[in-house]
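The residues making up each chain are set out below.
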Amino acid sequence: MTDILEWEKPDLAVYTGDQITGDRMYPNATLYIDLLVKPLVDGNYKWASVYGNHDIGKNVSREGILATEQKYELSYTRHGEEGLPGVTNYFLYVYGPENEVGDDIPSLVLWFFDTRGGHNATHDIPANVDEKVVEWFLRENKKITKTWGRLPALAFFHIPTIEYVAVQETISENPKCTGLVEDTVVPQDKDTGFMKALVESGTVKTAFVGHDHGNAWCCYYDSLEICYNRHSGYGGYGEWTKGSRVVEASYNDPWGNYKNYIRLEDGTVIDHFPKN
């Protein structure tokens with residue numbers, strides 16, 4: 001991670017879940033969060049997170065992980081609105097440079113959704129973006145549009161939706177798609193209308209997920225670009241080369257193509273999307 005940060009020098013790094021394997025860490029799994037974010041802290045890089053199905057266990061909660069992250073000024077991870085199922089349901093505005101587009105006018109919205117899942121000491125937790133969160137997104141997106149006009153947006157969540165299954169089944173037939181396809185899509189356990197809401201929002205351009213370590217592809221679903229990020233850590237299953245997805249957005253052309261690619265841990269750059 002340190003090497004990739006130095007090569008790319010990102011304005012913001014995003015963790016898309018399963019930061020730790022919470023059910024296998026004792027006695028206090030939140031101690032590992034300090035190790036996880038150390039490269040970012042040492043390099044003075046901002047970051048934001050969503051949580052995955054392994055970010056919980058008998059000795060750790062998503063709330064505990066969040067509290068650990070929020071010790072750091074560089075962390076932009078937020079707790080969602082009170083009463084919403086899950087923890088990391090929130091959005092961030094991205095602004096252009098000062099004195100060029102105006103300090104108070106956002107150029108981009110980043111949406112973060114908690115797909116939950118996993119189990120605590122007493123029970124299993126549903127693994128989906130809850131209907132209440134979908135309603136919250138539609139409501140807040142409408143408020144943002146009313147305030148600022150239609151702003152482009154990116155969405156980040158851990159577990160893919162059921163729509164990813166059909167896209168992957170035919171991905172080899174679509175020359176516009178690119179990336180690693182070596183794992184089964186394990187989707188959210190219920191279709192709550194989440195993907196439909198993203199498509200119909202009129203603002204979300206691309207959705208990014210994690211969860212299935214052997215997938216790191218980008219393709220299209222309806223009006224959206226949908227992508228898997230690259231497995232970055234050494235925990236969990238799989239021997240695929242580690243890496244990170246890098247996204248380039250321009251405040252000068254907020255509705256233009258947002259180019260992205262994979263930077264592998266050996267420095268190699270692969271899988272440009274959209275394809276050149």
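What you see is a predicted model, and the numbers here were worked out from it, not measured in a lab.

Caption draft 1: Fine view of a negative patch on the surface. The grouping of Asp 3, Glu 6, Glu 265 and Asp 266 at the surface amounts to a negative patch. Locating Glu 6 in the fold gives a position in helix α1 (residues 2-8).

Caption draft 2: Geometry of the packing of aromatic side chains. Under the counting rule described, the total for this entry stands at 21 aromatic pairs. Ring geometry for Tyr 90 and Phe 112: centres 4.5 Å apart, planes at 10°, overall stacked. In this pair, Tyr 90 is assigned in strand β3 (residues 90-95) and Phe 112 in strand β4 (residues 106-112), connecting sequence segments 22 residues apart. Measuring from ring centre to ring centre gives 6.5 Å for Phe 91 and Trp 136, while their planes differ by 35°; the resulting arrangement is tilted. With Phe 91 in strand β3 and Trp 136 in helix α4 (residues 131-148), this residue pair connects regions lying 45 residues apart in the sequence. Residue class for Phe 91 comes out partly exposed when judged on its relative accessible area of 22%. Judged by its relative accessible area of 4%, Trp 136 falls in the buried class. Between the NZ or CZ atom of Arg 150 and the centre of the ring of Trp 255, over which it lies, the distance is 4.1 Å. Cation over ring: Lys 205 sits above Tyr 258, and NZ or CZ is 4.8 Å from the ring centre.

Caption draft 3: Broad picture of the state of the cysteines. Summed over all chains, the structure comprises two disulfides. The disulfide that involves Cys 177 links it to Cys 219, with 1.8 Å between the sulfurs. Taken as a pair, Cys 177 in the loop between α5 (163-169) and β6 (178-181) and Cys 219 in strand β8 (residues 215-221) lie far apart in primary sequence, 42 residues in all. Accessibility expressed as a relative area gives 7% for Cys 177, which makes it buried. Of the residues examined, Cys 219 reaches a relative accessible area of 2% and is grouped as buried. What pairs with Cys 218 in a disulfide is Cys 227, and their sulfur atoms sit 2.0 Å apart.

Caption draft 4: Looking closely at helix α3 (residues 62-69). Among all positions of α3, only Arg 62, Ile 65, Leu 66, Thr 68 and Glu 69 are buried. Seen along its axis, α3 keeps its buried residues to an arc of 160°; they face one direction. Contacts from the buried residues of α3 go to α2 (31-43) and β2 (47-50).

Caption draft 5: Geometry of the pattern of salt bridges. One pass over the structure, following the stated rule, counts nine salt bridges. Note that Lys 38 and Asp 42 form a salt bridge whose closest N and O atoms lie 2.6 Å from each other. Of this pair, Lys 38 and Asp 42 both sit in helix α2, four residues apart, roughly one helical turn. A relative accessible area of 46% means that Lys 38 is categorised as partly exposed. With its nearest N and O atoms 3.9 Å apart, the salt bridge here joins Asp 114 to Arg 62. Pair noted here: Asp 114 is in the loop between β4 and α4 and Arg 62 is in helix α3, with a separation of 52 residues, a long-range link. For Asp 114, a relative accessible area of 0% puts it in the buried group.

Caption draft 6: Focus on the sheet that holds strand β10 (residues 243-248). If you walk across this open sheet you meet the three strands as β10-β11-β12, and the pairing is antiparallel. Where the open sheet ends on each side, the last strands, each with one partner, are β10 and β12 (269-273). Recorded for the sheet is a direction-independent mean angle of 20° between the axes of neighbouring strands. Relative to β12, strand β11 (residues 259-264) runs antiparallel, the two sharing three bridges. When the bridges of β12 are listed, Arg 263 appears paired with Val 269.

Caption draft 7: Spatial organisation of the sheet that holds β3. Spatially, the seven strands line up as an open sheet ordered β3-β4-β5-β7-β9-β8-β6, and their pairing is mixed. Only two strands of the sheet have a single partner each, and these edge strands are β3 and β6. Across the sheet, the axes of successive neighbouring strands diverge by a mean angle of 25°, strand direction being ignored. As judged from the four bridges shared by β8 and strand β9 (residues 224-228), these two strands associate in the antiparallel manner. What sits directly across from Tyr 221, in β9, is Leu 224.

Caption draft 8: Main features of the environment of Leu 74. Mapped onto the fold, Leu 74 is located in the loop between α3 and β3. Spatially, the C-alpha atoms of Leu 74 and Lys 46 are 4.6 Å apart, while their sequence positions differ by 28 residues. Beyond its immediate stretch of four places on either side in the chain, Leu 74 contacts Leu 40, Val 41, Asn 44, Tyr 45, Lys 46 and Trp 47.

About the criteria used
- Residues numbered from 1 in each chain as written.
- Predicted model: local features only at pLDDT ≥ 70, side-chain atom pairs only at ≥ 80, totals over all residues.
- Heavy atoms only, no water.
- Patch = residues over 30% accessible without salt bridge, like charges linked within 9 Å, V, L, I, M, F, W, Y side chains within 5 Å.
- Areas by Shrake-Rupley, 256 points an atom, 1.4 Å probe, with all protein chains shown as cover.
- Salt bridge = Lys/Arg side-chain N within 4 Å of Asp/Glu carboxyl O.
- Lys, Arg positive; Asp, Glu negative; His and termini not counted.
- Charge placed at Lys NZ, Arg CZ, Asp CG, Glu CD.
- Helix = DSSP H or I, 4+ residues; strand = E, 2+ residues; numbered from the N terminus.
- Phe/Tyr/Trp six-rings, centres within 6.5 Å; stacked < 30°, edge-to-face > 60°.
- Buried < 20%, exposed > 50% of the residue type's maximum accessible area, 1.4 Å probe, protein only.
- Lys NZ or Arg CZ within 6 Å of the ring centre and 35° of its normal.
- Disulfide = S-S within 2.5 Å.
- Arc of directions from axis to C-beta.
- Contact = heavy atoms within 4.5 Å.
- Pairing = 2+ DSSP bridges.
- Axes fitted to C-alpha atoms, helices over the stretch in contact; angles between N-to-C directions.

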